[in-house]
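One letter stands for each residue in the lines below.
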Amino acid sequence: MKDYLIFLWRCARLSFRGNWKYYTWMFILTAIALLGLNAYTKQLVAGLVTTGMTDQVSWGLYIANFTYLVGVAAAAVMLVIPVYIYKNRELHDLVILGELLAVAAIIMCLLFVTVDLGRPDRFIHLLLRFNFPISMLTWDVLVLNGYLVLNLHICGYLIYCAYHKRQPSKIFYIPFVFLAIGWAITIHTVTAFLYSGLGGRPFWNSAVIAPRFIASAFAAGPAIIILTLQIIRHATQYPVADAALHLLRRIVTVALSINMFLLGSEVFTEFYTGSAHSVSARYLFVGLHGHHALVPWIWSAIFLNTGALFVLLTPLSRRLWILNLACAAMIVGIWIEKGMGLIVPAFIPSPLGEIVEYTPTANEILVCLGIWAFGLLLYTIFVRITVPVLQGHLTADSDSTDIPQQVDAS
Amino acid sequence: MGVGSASQSFSATWGAPLGGLLIGPAFLALAAVMWFGSLEIITPGAPTPLFDKSALTPGGLRPRMDEPPTSLIGGYNQRCNDCHQVFTSRFDPSRPPSQHTHIHFDHGINDSCTNCHARKNRERLILRDGVEIPFNEVATLCQQCHGPVYRDWKRGTHGKTMGSWQMGSPAQRRLVCTECHDPHAPTYAPMVPLPGPNTLHMGERAEVVHQKPERNPLRRWTTPARDADPHPINEEHN
Amino acid sequence: MRLPVVKNQESVHSSASSCGDGCTCSGGANPYTGSTRPGMTRRSFLRRGAAVTGGLAALAASLSPLRDLDGDDIPSVQKFLQKHYKEMSGEEMEEALARIRKEVEKRYDVRPDIRDFKPMDGVEFVYGLNLSRCIGCRKCVHACVAENNQSRDPEIQYIRVLEMPRGSVDIEDGDHSYDRATVPDENHYYMPIQCHQCANPPCVKVCPVEATWQEDDGITVIDYDWCIGCRYCEAACPYWARRFNFAKPTLPKADLNPNMAYLSNRPREKGVMEKCHFCLQRTRQGRLPACLEVCPTGARKFGNILDPQSEVSQILKTKRVFVLKADVGTLPRFFYYFDERDPISDIPLEASSEHAGESA
């Protein structure tokens, strides 16, 4: 126990050390996170009136980001499956980086849900009267926290073993790895059911939402991992093989194709049927009664995603910089598609046919940026600790002063 | 390697100051910005415009009539027969009345006073078969022509009930015809509506009104231009 | 392709070696033990101190808007420990009511008559609305606001009156903000919409903390002291019947209705949901809802559907009724119905006979 505390203490100390790039990067993230915290306390004082949300559009940027990040967290499984089921070698040493990303993403998810609450001070009520299994939101609370615990256990165990230069005992983590694989699918499915279970919102009330969530997550998540791994490779001495990136590229290509196919199916059903239920889709894609705030968003998302898919399907994307471009386009494209393209339009028009558009306020955006910065800060610290441990620079018997300085600007 | 050495010299020159010297003051500057930053609480949406609260008085549109009916004349509540025992009056629907001129008469084919008012006793109403009834039983009079409405009123599906929803409760009272309808002009007069909604971020009220073009579902049957599209969006994109 | 790693390794090492005297980021000193080890100069210690102080100052400053936090918004111990409505014993409810009484008196200078009304036995409330009679005067909207202590700024209203073009029952065609000199307009009819008190309420299903539930008399209520403000119920409601307090609700002291109930019209706080509750502070005492009593045309009907003599039973038996969005399976307790004739668009007898003559 004492030994574990010493390990944590050394990790904490390590996270405060680096060269000037590391400091600058950490300072910027801390500054943004603090600005976000500042914006959130303003929201606490004044209420959610500081956001652009209304009774008509009652969920906005917070829930959009939450949905996207659940996908990112679930996507870590796309590193785990090749390694633990198909015994892939290239990805073997990278799995833990993906799982740490999942941990950071889940923490961001929980923060996004918390800032969306009108009465965060009553959070305890979730423990006292938990409407399980009726409310999908309780399912979501369970699976998200469960996934967080699972991943913390797996990562923590593996890192701690490496710290002690011990071979990890399979029984302590392999069952959890397989559990986490199933669990990852669950978290995003439950998040999709959160929306698709609502009969009063025809735009969401579609069975294709859950598959679409999974497909888009498995495209955007690995895309983020592709970029992250290259940054880690650039910033630390951690070996990342190109073959690993190319395997992820194939995964991303397949997932993005499926996502585009499902999106197409959705669009066909909405527009060919042309029933009264397709008004939200009409608002999203072409505008309704002279209101078209979301039209540029969704078309840029479609443009970015189609462009990325086109590039990925050609041999062009074997070049890393082109692959990176495609990944960046896809990350943004799917963020828009899931946020502005899926959460917001379901509220417009309102169930009574009233059109009130949604524009996030500066304060709301600042809170979101703050949470993103905090998540990146966490992930940077995770990587900062993990890389020297895995490389054997930081072990139980090494002196902390031996650790080489590392640049980390992920 | 060139990049490496460049970054090395850069970090040697600037790394140390950036690493420590600037972070403290930078944080302090950030702190100052947040400390002195104002807390703006905007409520996007105007409060409800003021209106006459008397519009919210519960009950019918018209006062309940006394039995027998009275009216305020010369500062006193006078009964009908106070005058009508003295003065004779004519009942000629073709000529405008010389008295009771405030009465606006618009009751369709029912255009004669004596259709309803008893000629002999002005404090009574008269049925078609000559039976005289008091004013508070006016529904019996009206039902002679308005059968279906009377049936609905008896059932409680027409008209207004006040006091209680519990059937048979002493507090419950079903308003009679003349507590809502003016018997001389039973159709409701147009009313000024109370202010419309103005919730958060709804924007200017006028904007909402004008930006949602009215769709006329009857256009196919009323206008010759059948091809006129109800949705301007489609027009833009066609 | 392993080159970048090697290059980085070198640059990393070289940058490490560049850290020496005066460098705050060096591994040579340990600031966390508070002791100055060899290699740790006083200057670098000061710089670290400045960074830590600055960081803490920024953290404190970021929390500075809490200065403006309203004292009322900080929950008291009693309030924090208050149980869920269904778990409260009689005494605990009395304590909660006493607390609310005190709070209301402090804020509005009025001693409220607040009680906890329970559903009556053998009663299930149903609402009927006669579309042939509604003239769209919006008196119900404002009578509701006055009765139920809704916020005036920002404005919260439970009832929306839609101006519908004749020939359509699609609420997409409705106009919410019609602003006419007088109503009714002969080319339109009017459809007020409020909470339908569904028998199969989606809003109740989704609440993660059971802060909203359906009572035995069919009214779906909210425990305002239990709601966490996630707004999932608002997303789930197909009738847009729920409202959220995005800001602290305000209403003039003089306008407060002092007759209140725990589950209905007691003043709300910011960050919680609210909705129409069929004026349960009135209806559970046998009275009628405020929206009904103010209606000038008698378009609104309310009563006990379990009593065959009640007006609403008669409406369901004798009129042609419909519910909104029957396809979502919510089983509303709010029925719309029509009369045989429509007094607003009624064509005068002579005109209609002319018309008949033309078409014949």
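The paragraphs below set out a description of the structure included in this document. (Residues numbered from 1 in each chain as written. Chains lettered and ligands numbered in written order. Predicted model: local features only at pLDDT ≥ 70, side-chain atom pairs only at ≥ 80, totals over all residues. Heavy atoms only, no water.)

1. So, the overall build of chain C
Thinking step 1. For chain C, the count of helices and strands is 11 helices and 12 strands.
Thinking step 2. Here chain C holds 360 residues, and the buried ones make up 60% of them.
Thinking step 3. Approximately 13,900 Å² of chain C is accessible, and the part contributed by carbon and sulfur atoms is 55%. (Helix = DSSP H or I, 4+ residues; strand = E, 2+ residues; numbered from the N terminus. Buried < 20%, exposed > 50% of the residue type's maximum accessible area, 1.4 Å probe, protein only. Areas by Shrake-Rupley, 256 points an atom, 1.4 Å probe, with all protein chains shown as cover.)

2. Some details on the interface of chain A and chain C
Thinking step 1. The interface of chain A with chain C comprises 74 residues on the first partner and 76 residues on the second.
Thinking step 2. Of all residues in chain A, D55, R129 and L352 of chain A give up the largest surface area on contact with chain C, accounting jointly for 14% of the area buried on that side.
Thinking step 3. We note a salt bridge from R231 of chain C to D116 of chain A, for which the minimum N-O separation is 2.6 Å.
Thinking step 4. Where chain A meets chain C, there are 31 residue pairs in polar contact (both at pLDDT 80 or more).
Thinking step 5. Elements with a contribution of two residues or more to the side of chain A that touches chain C: α1 (2–15), α2 (20–46), α6 (125–128), α7 (136–163), α8 (170–196) and α9 (209–235) of chain A.
Thinking step 6. When residues of the side of chain A that touches chain C are assigned to their parent elements, the largest contribution, 10 residues, is made by α2 of chain A.
Thinking step 7. When grouped by side-chain class, the residues that make up the side of chain A that touches chain C number 38 nonpolar, 23 polar and 13 charged. (Contact = heavy atoms within 4.5 Å. Buried area = accessible area lost by both parts, 1.4 Å probe. Salt bridge = Lys/Arg side-chain N within 4 Å of Asp/Glu carboxyl O. Polar contact = N/O pair within 3.5 Å; in protein donor to acceptor, adjacent residues only side chain to side chain. Nonpolar A, V, L, I, M, F, W, Y, C, P; charged D, E, K, R; others polar.)

3. Some words on the sheet that holds strand β2 (residues 125–130) of chain C
Thinking step 1. Pairing is mixed in the open sheet, where 4 strands are placed in the order β10-β2-β12-β11 (chain C). This sheet does not close on itself; its edge strands, each paired only once, are β10 (300–304) and β11 (321–322) of chain C. (Pairing = 2+ DSSP bridges.)

4. So, the interface of chain B and chain C
Thinking step 1. Counting residues at the interface gives 68 residues for chain B, matched by 84 residues for chain C.
Thinking step 2. Where chain B abuts chain C, roughly 6,300 Å² becomes buried across the two surfaces, and 60% of that area is made up of carbon and sulfur atoms.
Thinking step 3. The largest per-residue losses of area from chain B upon contact with chain C belong to T157, W165 and M191 of chain B, which jointly make up 12% of the total buried on that side.
Thinking step 4. Linking chain B with chain C are 3 salt bridges.
Thinking step 5. A salt bridge links E311 of chain C to R174 of chain B; the nearest nitrogen and oxygen atoms lie 3.1 Å apart.
Thinking step 6. At the boundary of chain B and chain C, one finds 23 residue pairs in polar contact (both at pLDDT 80 or more).
Thinking step 7. Counting residues per element, the ones that place at least two in the side of chain B that touches chain C are α1 (2–21), α2 (23–36), α5 (147–155), β5 (161–162) and α6 (205–211) of chain B.
Thinking step 8. Residue classes in the side of chain B that touches chain C are distributed as 36 nonpolar, 22 polar and 10 charged.

5. Looking at the nonpolar core
Thinking step 1. In this structure, W204 and M330 of chain A are the most contacted members of the largest nonpolar core, which totals 166 residues.
Thinking step 2. At 15 residues, the largest contribution of residues to this core is made by α7 of chain A.
Thinking step 3. With near-sequence residues (within four places) excluded, M330 of chain A lies in contact with A219, A223, V252, L256, N305, A308 and L312 of chain A.
Thinking step 4. By size, the runner-up hydrophobic cluster in this structure holds 64 residues, among which are M191 of chain B together with V183, W240 and A299 of chain C. (Core = buried A, V, L, I, M, F, W, Y, C linked by side-chain atoms within 4.5 Å.)

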